[in-house]
Amino acid sequence: MPADIAAPEIAYPKIVGDAVFKVRGANRTYGARKALNDVNLTVGKGEMIALIGPSGSGKSTLLRSLTGLVRIDAGAGRIEAFGAALQTNGKVTDKVRGVRARIGFIFQQFNLVGRLSLFSNVMVGALAKLPVWRGMLGLWPRADQQRAMEALTRVGVAEYATQRANTLSGGQQQRGAIARTLVQGAEVILADEPVASLDPVSARKVMGALQDLNQKDGLTVIVTLHHVEYAIRYCPRVVALKAGQIVYDGPAKGLNHALLVDIYGPEIEDVLGDAPLPVAGGAA
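## With respect to the pattern of salt bridges
So, step 1. Using the criterion set out here, one finds eight salt bridges in the structure.
So, step 2. Here D192 makes a salt bridge to R64, at a shortest N to O gap of 3.2 Å. You can see D192 sitting in strand β8 (residues 188-192) and its partner R64 sitting in helix α1 (residues 59-65), a full 128 residues away along the chain.
So, step 3. Between D212 and R154 there is a salt bridge whose closest N-O contact spans 2.9 Å. Taken together, the positions of D212 in helix α7 (residues 200-217) and R154 in helix α5 (residues 142-154) put the pair 58 residues apart, joining distant regions of the chain.
So, step 4. Judged by relative accessible area, which is 33%, R154 ranks as partly exposed.

Now the structure itself:
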């Protein structure tokens with residue numbers, strides 16, 4: 001660990017039941033910079049985890065490596081997903097397609113096709129289960145159409161189903177992206193800064209939708225966040241990265257001002273001020 005990083009004690013949670021992801025000794029190097037530096041992480045089924053840390057700390061790199069979108073360096077590092085090897089010796093294995101079919105990935109910029117209706121965008125989640133020609137012609141089975149409308153209702157945007165995606169607000173589009181993962185039948189949702197470009201009200205609706213799917217459906221959710229207050233409020237477990245290394249892995253309630261200053265630097269005091277941190281798990 002670099003000398004300028006204090007190493008708080010990491011209380012690795014005890015994983016009960018099957019592990020969805022196991023990351024062991026993962027490194028990712030870009031030129032002279034280590035985006036990931038000997039990262040070890042285990043994610044249990046049904047957890048909701050926030051990845052936090054300064055810009056460039058490795059949050060998005062770690063998240064994307066869990067689906068093989070980012071390859072870790074060659075060497076002893078290894079990533080397993082759903083009990084099977086996903087990355088070994090710097091290579092993505094032949095299990096990757098099966099793994100990705102079980103994971104819904106939500107991006108900061110929504111990744112919806114603006115000229116298509118919200119309903120059509122959500123139906124994209126069903127493409128992997130259909131013949132290519134049916135998807136290209138929009139000949140969706142009635143059961144899948146029903147699932148899409150149920151998913152849109154679940155996240156609170158069913159009334160916008162027929163509107164073009166590019167006419168919707170950012171929060172509405174992001175909830176549409178969440179609905180798409182439901183139609184996909186995802187067991188895991190990985191969300192990369194899903195609320196970074198949203199206003200506070202929309203951000204809470206998106207985080208609330210993810211929390212609802214975790215608590216009521218048992219989906220595993222891992223979300224990268226710049227907003228520490230959302231991490232504490234919505235995610236029981238928080239993993240903090242700094243300079244590519246995990247410097248905290250434990251309950252959200254274990255975070256305090258001193259630890260956050262260690263993670264982000266003294267500038268975080270300007271953000272935190274004198275107000276108390278949110279109550280962990282306090283969101284409905």
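## Concerning the environment of L36
So, step 1. Tracing the sequence through the fold places L36 in strand β2 (residues 33-44).
So, step 2. With a relative accessible area of 0%, L36 lands in the buried category.
So, step 3. Along the backbone, L36 and K242 are 206 residues apart, and their C-alpha atoms lie at a distance of 9.4 Å.
So, step 4. Every residue in contact with L36, bar those within four places of it in the chain, is listed here: A26, N27, R28, G58, T61, L62, S65, L241 and G244.

## Some thoughts on the sheet that holds strand β1 (residues 19-30)
Sheets are built from strands paired through backbone hydrogen bonds, the pairs being either parallel or antiparallel.
So, step 1. Strand order in this open sheet of five strands is β2-β1-β4-β5-β6, and the pairing throughout is antiparallel. Unpaired on one side and paired on the other, β2 and β6 (91-92) mark the two borders of the sheet.
So, step 2. Direction of pairing for β1 relative to β2: antiparallel, over a ladder of eight bridges. Across the sheet, T29 pairs through a bridge with K34, a residue of β2.

## Overview of the environment of A84
So, step 1. As for its placement among the helices and strands, A84 is situated in strand β5 (residues 84-88).
So, step 2. Under the relative-accessibility criterion, A84 is labelled partly exposed at 23%.
So, step 3. The sequence separation of A84 and F21 amounts to 63 residues, and the corresponding C-alpha distance is 9.2 Å.
So, step 4. Dropping the residues within four chain positions of it, A84 is found in contact with I79 and K95.

## Focus on the packing of helix α6 (residues 170-184) against α7
So, step 1. Contact geometry of α6 with α7 gives a least axis separation of 9 Å together with a crossing angle of 15°. On the basis of their axis angle, the class for α6 and α7 is roughly parallel. Judged by the twist between their axes, the crossing of α6 over α7 is right-handed. For the pair α6 and α7, contact is made by G171, Q174, R175, I178 and L182 and by S202, K205, V206, A209, L210 and L213, respectively.

Definitions and limits used
- Residues numbered from 1 in each chain as written.
- Predicted model: local features only at pLDDT ≥ 70, side-chain atom pairs only at ≥ 80, totals over all residues.
- Heavy atoms only, no water.
- Salt bridge = Lys/Arg side-chain N within 4 Å of Asp/Glu carboxyl O.
- Helix = DSSP H or I, 4+ residues; strand = E, 2+ residues; numbered from the N terminus.
- Buried < 20%, exposed > 50% of the residue type's maximum accessible area, 1.4 Å probe, protein only.
- Contact = heavy atoms within 4.5 Å.
- Pairing = 2+ DSSP bridges.
- Axes fitted to C-alpha atoms, helices over the stretch in contact; angles between N-to-C directions.
- Parallel < 35°, antiparallel > 145°, perpendicular 65-115°, else oblique.
- Left-handed = near helix turned anticlockwise from the far one by under 90°.

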